[in-house]
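Here's the letter readout for the chains.
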Amino acid sequence: MTILVTGGAGFIGSNFIFYMLNAHPEDRIVCVDKLTYAGNLSTLSSVMKNERFRFEQADICDRARIFRLFEEEKPEVVVHFAAESHVDRSIEEPGAFLQTNIVGTGVLLDACVRYGITRFHQVSTDEVYGDLPPERPDLFFTEETPLKPSSPYSASKAGADLLVMAYHRTFKLPVTISRCSNNYGPFQYPEKLIPLMIINGLHDRPLPVYGTGENIRDWLYVKDHCKAIDRIIRHGRDGEIYNIGGHNEKRNIDIVEMIVSELGKPKSLITHVEDRKGHDLRYAIDPAKAKRELGWEPETSFEAGIQKTIRWYLDNRAWWEPLYAGSKQDVK
Ligand code: NAD
Ligand code: DAU
């Protein structure tokens, strides 16, 4: 089948393309990406010549371009990653988040209704649920947890999720949604916590920890997320939401200390800075439904995943050096 992947030049989308081309030799992938600051064609260089792969640079908000692409390719499945994804940027400038994450999703849904698909999969986030109290480790996000987003980013993702479910109800569009916890791994843009700390550490620059550093995130190796999405598009039930996460909660400060120690750098690089506005305290996914219905479970332990990730950044300076140099003002 032909799978249209949006945002495939970004972190998770590119890892998904690599995984799918390898795991499903019968499938063809068409990637549409605007190539914003977060999208990088060099990330896809290993697959650009693959005859089962096509790259199209386009904005998902460009209705005419997107409709033309659907007409040309007639994709059976759409896996929608394209988004503005960084919470700090959404606090600085929310506009692009509303445009891409909500309006862009609407354009794709309209194209799906017009041309027909067998599945539209919305790649969403656990952040749509807001946060959990750190002093209640017995509480987890389930698929029934009410939406209570805290940032313009998560509100825009929640808006997109609601639009997806509305198209399911109104137009009977076959859809699924996955809500995943924090990903880490190769090709993550060096503004997100883990790559930023690795790269700043390598440069002996300060490692900016927001506030106390006691905020908790639930970390998942990116390939495990890709495998979950693959299962959902093949075996997930129409109209269903699946939470994806690996019961791997860690405080930010513990992650940063682990990276410092793996790099053999002094702890004195760790610098507490002003907290993020509205900073979510704790995310924690209950992935029981994905396990029960799809047989999905994470395969990579955090210890193995973080070592692989640090190794990857050490071995792939040519990938991140231009991004890091070009975004010094953005990455603190
Ligand atoms: P990313 O920022 O690394 O990549 C986003 C990609 O989308 C980039 O290639 C960018 O060029 C492209 N894009 C942005 N606006 C576009 C537009 N208007 N038209 C076409 N392409 C556009 O993001 P990521 O971390 O890979 O996240 C991918 C998806 O997964 C997002 O929808 C995000 O909400 C979701 N998600 C991310 C995480 C995480 O930890 N990173 C966790 C759960 C869910
Ligand atoms: O939970 C899923 C979400 O995870 C995704 O939906 C988002 O797209 C993705 O960006 C990520 O959001 P976070 O805000 O959790 O990720 P980030 O890497 O920006 O920050 C992780 C934690 O580390 C958060 O508590 C803020 C903190 N932090 C982050 C940066 C960049 C710092 O303390 N210092 C930093 O410099």
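Nothing here was measured: the structure is a model prediction, and the numbers come from that model. (Residues numbered from 1 in each chain as written. Chains lettered and ligands numbered in written order. Predicted model: local features only at pLDDT ≥ 70, side-chain atom pairs only at ≥ 80, totals over all residues. Heavy atoms only, no water.)

> Could you give me a rundown of the overall build of the protein chain, with the residues and numbers involved?
In terms of regular secondary structure, the protein chain is built from 11 helices and 12 strands. Taking 332 residues into account, the globule formula puts the C-alpha radius of gyration at 20 Å, and the protein chain, at 19 Å, falls close to it. The C-alpha extent of the protein chain, read off along each of the three principal axes, is 55 × 45 × 35 Å. Residue pairs in contact within the protein chain that sit at least 24 positions apart in sequence constitute 82% of those at least 6 positions apart. (Helix = DSSP H or I, 4+ residues; strand = E, 2+ residues; numbered from the N terminus. Rg over C-alpha atoms; globule rule 2.2 N^0.38 Å. Contact = heavy atoms within 4.5 Å.)

> Summarise the site of ligand 1; cite the residues concerned and give the values.
Neighbouring ligand 1 are 28 residues; Ile-12, Asp-33, Ser-85, Tyr-153 and Lys-157 lie closest to it. A distance of 3.0 Å is found between an oxygen atom of ligand 1 and a backbone nitrogen or oxygen belonging to Thr-36. Between a nitrogen atom of ligand 1 and a side-chain N or O atom of Asp-59, the distance comes to 2.8 Å. Considered on its own, ligand 1 offers 840 Å² of accessible surface; in the complex 96% of this is hidden by protein. The set of elements that each furnish at least two residues to the shell around ligand 1 consists of helix 1 (11–23), strand 5 (119–125), helix 5 (152–171) and strand 7 (182–184). Here the shell around ligand 1 takes three residues from strand 5, the largest share from any one element. Grouping the constituent residues of the shell around ligand 1 by class yields 13 nonpolar, 11 polar and four charged. (Near = heavy atom within 4 Å. Polar contact = N/O pair within 3.5 Å; in protein donor to acceptor, adjacent residues only side chain to side chain. Areas by Shrake-Rupley, 256 points an atom, 1.4 Å probe, with all protein chains shown as cover. Nonpolar A, V, L, I, M, F, W, Y, C, P; charged D, E, K, R; others polar.)

> Break down the sheet that holds strand 7 for me, citing the residues and quoting the values.
Within the open sheet, the three strands sit side by side as 7-9-11. Their pairing is mixed. Each having just a single partner strand, strand 7 and strand 11 (249–251) make up the two edges of the open sheet. Ignoring strand direction, the axes of neighbouring strands in this sheet form an average angle of 50°. Of the pairings in the sheet, the one linking strand 9 (residues 216–221) to strand 11 comprises three bridges and is antiparallel in character. Looking at strand 11, one finds that Arg-217 is bridged to Lys-250. (Pairing = 2+ DSSP bridges. Axes fitted to C-alpha atoms, helices over the stretch in contact; angles between N-to-C directions.)

> Would you mind going over unusual backbone geometry in detail, with residue names and values included?
At Leu-35, a residue that is not glycine, the phi angle is positive and equals roughly 60°. Take Leu-35: it is sitting in the loop between strand 2 (28–33) and strand 3 (53–57). We note that His-247 has phi near 50°; this positive angle belongs to a residue other than glycine. Relative to the elements of secondary structure, His-247 occurs in the loop between strand 10 (240–244) and strand 11. A relative accessible area of 47% means that His-247 is categorised as partly exposed. (Buried < 20%, exposed > 50% of the residue type's maximum accessible area, 1.4 Å probe, protein only.)

> Tell me about the site of ligand 2, and please be specific about residues and values.
Neighbouring residues of ligand 2: 23 residues in total, closest Thr-125, Asp-126, Tyr-153, Arg-276 and His-279. Note that an oxygen atom of ligand 2 is positioned 2.6 Å from one of the side-chain N or O atoms of Tyr-153. Between Arg-276 and ligand 2, the recorded distance is 2.6 Å, taken from a side-chain N or O atom to an oxygen atom. Relative to its free-state accessible area of 690 Å², ligand 2 is covered by the protein chains to the extent of 94%. Secondary structure elements with two or more residues in the shell around ligand 2: helix 6 (193–202) and strand 8 (207–210).

> Requested: an account of helix 5, with residues and values cited.
With 20 residues, helix 5 extends 28 Å between its outermost C-alpha atoms, agreeing within 8% with the 28 Å of an ideal straight helix rising 1.5 Å per residue. What helix 5 keeps buried is the set Tyr-153, Ser-154, Ser-156, Lys-157, Ala-158, Ala-160, Asp-161, Val-164 and Tyr-167. Looking at the buried positions of helix 5, the neighbouring elements they touch are helix 3 (87–92), helix 4 (95–115), strand 5 and strand 6 (175–180). Following helix 5 by one or two positions, Lys-172 has its phi on the positive side, about 55°. (Expected span 1.5 Å × (residues − 1).)

> So, the pattern of salt bridges: which residues are in play, and what are the values?
One pass over the full model with this rule turns up 25 salt bridges. Taking the shortest distance from any N to any O, the salt bridge between Glu-257 and Lys-267 comes out at 3.8 Å. In this pair, Glu-257 is assigned in helix 8 (residues 252–263) and Lys-267 in the loop between helix 8 and strand 12 (270–273), connecting sequence segments 10 residues apart. Overall, Glu-257 belongs to the partly exposed group, its relative accessible area being 29%. Here the residues in one salt-bridge network are Arg-28, Arg-54, Glu-56, Arg-65, Glu-72 and Glu-73, joined through shared partners. (Salt bridge = Lys/Arg side-chain N within 4 Å of Asp/Glu carboxyl O.)

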